[in-house]
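Here is what each chain is made of, one letter per residue.
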Amino acid sequence: MANEDQFKKVISHAKEYGYVFQSSEIYDGLSAVYDYAQNGAELKKNIRDYWWKAMVQMHDNIVGIDASIFMHPTTWKASGHVDAFNDPLIDNKDSKKRYRADVLVEDYCAKIESKIEKEIKKAQKRFGDAFNKDEFVSTNPRVLGYQEQINTILKRLGQSLEKEDLADVRALIEGLEIACPLSGSREWTEVKQFNLMFGTKLGASAEHAMDLYLRPETAQGIFVNFLNVQKTGRMKIPFGIAQTGKAFRNEIVARQFIFRMREFEQMEMQFFIKPGTQMDWFKHWKEERMKWHLSLGMGEDNYRFHDHEKLAHYADAATDIEFKFPFGFKELEGIHSRTDFDLKQHEEFSGKKLQYFDHEDNASYTPYVLETSIGLDRMFLAVFANSLVEEELDNNTTRTVLKLPAVLAPTKAAILPLVKKDGLPEIAQQIVDDLKWDFNVTYDEKDAVGRRYRRQDANGTPFCITVDHDTLEDNTVTIRHRDTMEQKRVKIEDLRDIIKAEVDVKHWLKKMQ
Ligand code: GAP
């Protein structure tokens, strides 16, 4: 399936199977705002729990908080968001469409990247088993030429953005002859900066209302609570504070479904460390976070690091974990060494000391911070898109399967009476009533059993349990595995352990070790 078709399929499957709906759809929707439906809410919760367990429960020195979305407005002055949380935007004079200038250039590079992918596929076909991808991409002149092109363009873009040389960003777009994707026109306006924060007001009367922002990241709720948590939790450096929660950004280019939203959720962890140790911790968290991703079994080839050449003014090292989405490799998570910038800024703006007294060194200092920051919605999209497959079966039919990692699947098992009579529905219902103490399970008696299997495959349910006439005789049922379609006869009393062995968080997280 072509990538674009695959992406369309992902979006329509997410709607058809109750995962993601357009927000306020009956009013024609709201751009880049989405609602998680009955299955989506469960999948999202399971991803959040999987992250929380790995970060908070499994680390003695990391605790979790839940800070408010509203924060004192000075927070955003101190953090730099009021002055510098901007995107460069450009308008097309003919279509009147507005774009992020950097995204136009990055999309141009993604097209060159897809040429590289094509070369790799061609060579793979030609050389078969003897094909060595690493060697090919590091020696093939055509691939090297494309890569050089990408590097040169991105380097110039990075430098121009860093220097705030917006005229050069425009010159780059014109030089590359980038056309408006909608109209094909190359008539561009100047590039301008646009602040991404949403403003709102707090207070009953217009004159006394206080201007507030909806938080554009959850991290600042952690920084301002650093000392409260350190003192009340008697935390010793190195230690971390984690949180998950909503963030809001007035994205100019809001597209690619739930990849870039205006209201989204982040899962962030700030790790407070001794100054000078940041590079060791940067390496540690890069490895640790990649292990977390790989533990879900979504394929090593689908991930890569992208180290930042252009660093934000507060960072001394930064990398993205990129995932291969249906529209190419894109940022899924950021790992940033943020120095002491944030705590120092909050000290300056609040006039309160935010220092740590190190008993071992008998000295106070402002800790450095290592941040891991992942978008929950992006992770959802990565998992969902990667899991959706169409399989050719032996009997020349196809089936659509959502091969979600079992630990994340919204429903762990569907219990199906073979027929709606002879006491089978009653037994199936008893199994549901028993298993639901431990897992999300569902009862399904509508349609022929084959169609029910297909429905559960498309829904991502790892197990189907069928109650038939033999069950009446020997208390056994058939358990069918979603991915292999293999069926086994097992005792009803063993069901809990069989399911647990495959869906238990421990079984999955242990793979990180
Ligand atoms: N505190 C650091 C921070 O917010 P970021 O790179 O701006 O860093 C972190 O965001 C992560 O949040 C990204 O890697 C991405 O997964 C997610 N994210 C950012 N903007 C998003 C948006 N508009 N929609 C969905 N996810 C977004």
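Per an unreviewed UniProt entry, the protein goes by Glycine--tRNA ligase and derives from Winogradskyella epiphytica. Word for word, the UniProt comment on the protein under Subunit (unreviewed entry) is "Homodimer." Taken directly from UniProt, the Function (unreviewed entry) text for the protein runs: "Catalyzes the attachment of glycine to tRNA(Gly)."

A. Geometry of the overall build of the protein. Scanning the protein for helices and strands turns up 18 helices and 23 strands. By principal-axis analysis of the C-alpha atoms, the protein measures approximately 75 × 60 × 55 Å. When each of the 513 residues of the protein is scored for burial, the buried share is 50%. Contacts in the protein between residues at least 24 apart in sequence constitute 65% of all its contacts with a sequence separation of at least 6. Element-wise, carbon and sulfur atoms account for 48% of the exposed surface of the protein, whose accessible area totals about 25,800 Å².

B. Here's a closer look at a nonpolar patch on the surface. On the surface, F70, L202 and M210 cluster together to form a nonpolar patch covering roughly 270 Å² of accessible area. Mapped onto the elements of the fold, M210 is located in strand β8 (residues 210-213).

C. Quick look at the pairing of strand β18 (residues 398-402). Both strand β17 (residues 388-392) and β18 contribute to a ladder of five bridges, which runs antiparallel. If you follow E390 over to β18, its bridge partner there is T400.

D. Inspection of the pattern of salt bridges at higher detail. Enumeration over the complete set of coordinates arrives at 43 salt bridges. Because the salt bridges share partners, they merge into one network encompassing E391, R399, K403, R454, D457 and R480.

Cut-off values and rules
- Every chain begins its residue count from 1, and numbering advances along the sequence as written.
- Local features in a predicted model are, by the rule used here, given only for residues with pLDDT of at least 70; side-chain atom pairs are given and counted only at 80 or more, and totals for whole chains, interfaces and linings are based on all residues.
- For the side-chain quantities, the full set of heavy atoms in the structure was used; hydrogens and water were omitted.
- UniProt positions are given in the numbering used here, feature names are shortened, and annotations may be inferred rather than shown by experiment.
- Numbering of helices and strands runs from the N terminus, with a helix taken as a DSSP run of H or I at least four residues long and a strand as a DSSP run of E at least two residues long.
- Any residue under 20% of the maximum accessible area for its type is buried, any over 50% is exposed, and the rest in between are partly exposed; the area is computed with a 1.4 Å probe on protein chains only.
- The contact definition used throughout considers only heavy atoms, calling two residues in contact when any of these lie within 4.5 Å.
- Here the Shrake-Rupley method, with its probe set to 1.4 Å, supplies the accessible areas, and only the displayed protein chains count as covering residues.
- Only residues whose relative accessible area exceeds 30% and that form no salt bridge enter a patch; like-charged residues are grouped when within 9 Å of one another, and nonpolar side chains (Val, Leu, Ile, Met, Phe, Trp, Tyr) when within 5 Å.
- The salt bridge criterion pairs a side-chain nitrogen of Lys or Arg with a carboxyl oxygen of Asp or Glu, the two atoms within 4 Å.
- What makes two strands pair is DSSP finding at least two bridges between them.

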